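# Summary of the model geometry
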Amino acid sequence: ALFQTGDSEGAVKIAKQVVKENPKYATVWFNLGIYLASADATNNKDEAINAFETAIKYDTDATQKKQAQTYI
């Protein structure tokens, strides 16, 4: 919801908290990559790529894996 209202930084902060508590939560890693790659956080390109790579590592959903790979 934060990201959708334009608060990319807030979305990044919450997503980082979630993956810290559950480091294998692929969907949140994917979302974190999206948030980091957003216009408000363009200086985080390497961190966004890392988030997408982590999402791919833990994701069991082939569709989301393929989608994450398009961002790398």
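This text goes with the structure placed above it.
Summary of the structure given here. (Residues numbered from 1 in each chain as written. Predicted model: local features only at pLDDT ≥ 70, side-chain atom pairs only at ≥ 80, totals over all residues. Heavy atoms only, no water.)

## Focus: the nonpolar core
Side chains that are nonpolar tend, in soluble globular proteins, to be buried together. Residues Trp 29, Phe 30, Leu 32, Tyr 35 and Phe 52 are the most contacted members of the largest nonpolar core, which totals 17 residues. The set of elements that each furnish at least two residues to this core consists of helix 1 (8-21), helix 2 (26-37) and helix 3 (45-58). If one sorts the elements of this core by residue count, helix 2 sits on top with seven residues. When residues no more than four places from it in sequence are discounted, the contact partners of Trp 29 are Val 19, Pro 23, Ala 51, Thr 54, Ala 55 and Tyr 58. (Core = buried A, V, L, I, M, F, W, Y, C linked by side-chain atoms within 4.5 Å. Buried < 20%, exposed > 50% of the residue type's maximum accessible area, 1.4 Å probe, protein only. Helix = DSSP H or I, 4+ residues; strand = E, 2+ residues; numbered from the N terminus. Contact = heavy atoms within 4.5 Å.)

## Notes on the side chain of Asp 59
Mapped onto the elements of the fold, Asp 59 is located in the loop between helix 3 and helix 4 (62-71). Not counting chain neighbours up to four residues away, the residues in contact with Asp 59 comprise Ala 26, Gln 64 and Lys 65.

## Section: the packing of aromatic side chains
Counted according to the given criterion, the structure contains two aromatic pairs. Measuring from centroid to centroid gives 4.9 Å for Phe 3 and Tyr 35, while their planes differ by 35°, and the two rings are tilted. Of this pair, Phe 3 sits in the segment before helix 1 while Tyr 35 sits in helix 2, and the two are 32 residues apart along the sequence. On the basis of relative accessibility, which here comes to 28%, the residue Phe 3 falls in the partly exposed class. Note on Tyr 35: relative accessible area 17%, which makes it buried. When the centroid spacing of 5.7 Å and the interplanar angle of 65° are considered together, the rings of Phe 30 and Phe 52 count as edge-to-face. Remark: Phe 52 occurs in helix 3 and Phe 30 occurs in helix 2; sequence separation between them is 22 residues. Phe 52 carries the same exposure label as Phe 30, and that label is buried. (Phe/Tyr/Trp six-rings, centres within 6.5 Å; stacked < 30°, edge-to-face > 60°.)

## Some points on the packing of helix 2 against helix 3
Two elements in contact, helix 2 and helix 3, have axes whose closest approach is 8 Å; the angle formed by their N-to-C orientations is 160°. On the basis of the axis angle, helix 2 is roughly antiparallel to helix 3. Along this stretch, helix 2 crosses helix 3, giving a crossing that reads as left-handed. Every residue of helix 3 that contacts helix 2 at Ala 26, Trp 29, Phe 30, Leu 32, Gly 33, Ile 34, Leu 36 and Ala 37 is listed here: Glu 47, Ala 48, Ala 51, Phe 52, Thr 54, Ala 55 and Tyr 58. Among the residues forming the contact of helix 2 with helix 3, the class breakdown is 12 nonpolar, two polar and one charged. (Axes fitted to C-alpha atoms, helices over the stretch in contact; angles between N-to-C directions. Parallel < 35°, antiparallel > 145°, perpendicular 65-115°, else oblique. Left-handed = near helix turned anticlockwise from the far one by under 90°. Nonpolar A, V, L, I, M, F, W, Y, C, P; charged D, E, K, R; others polar.)

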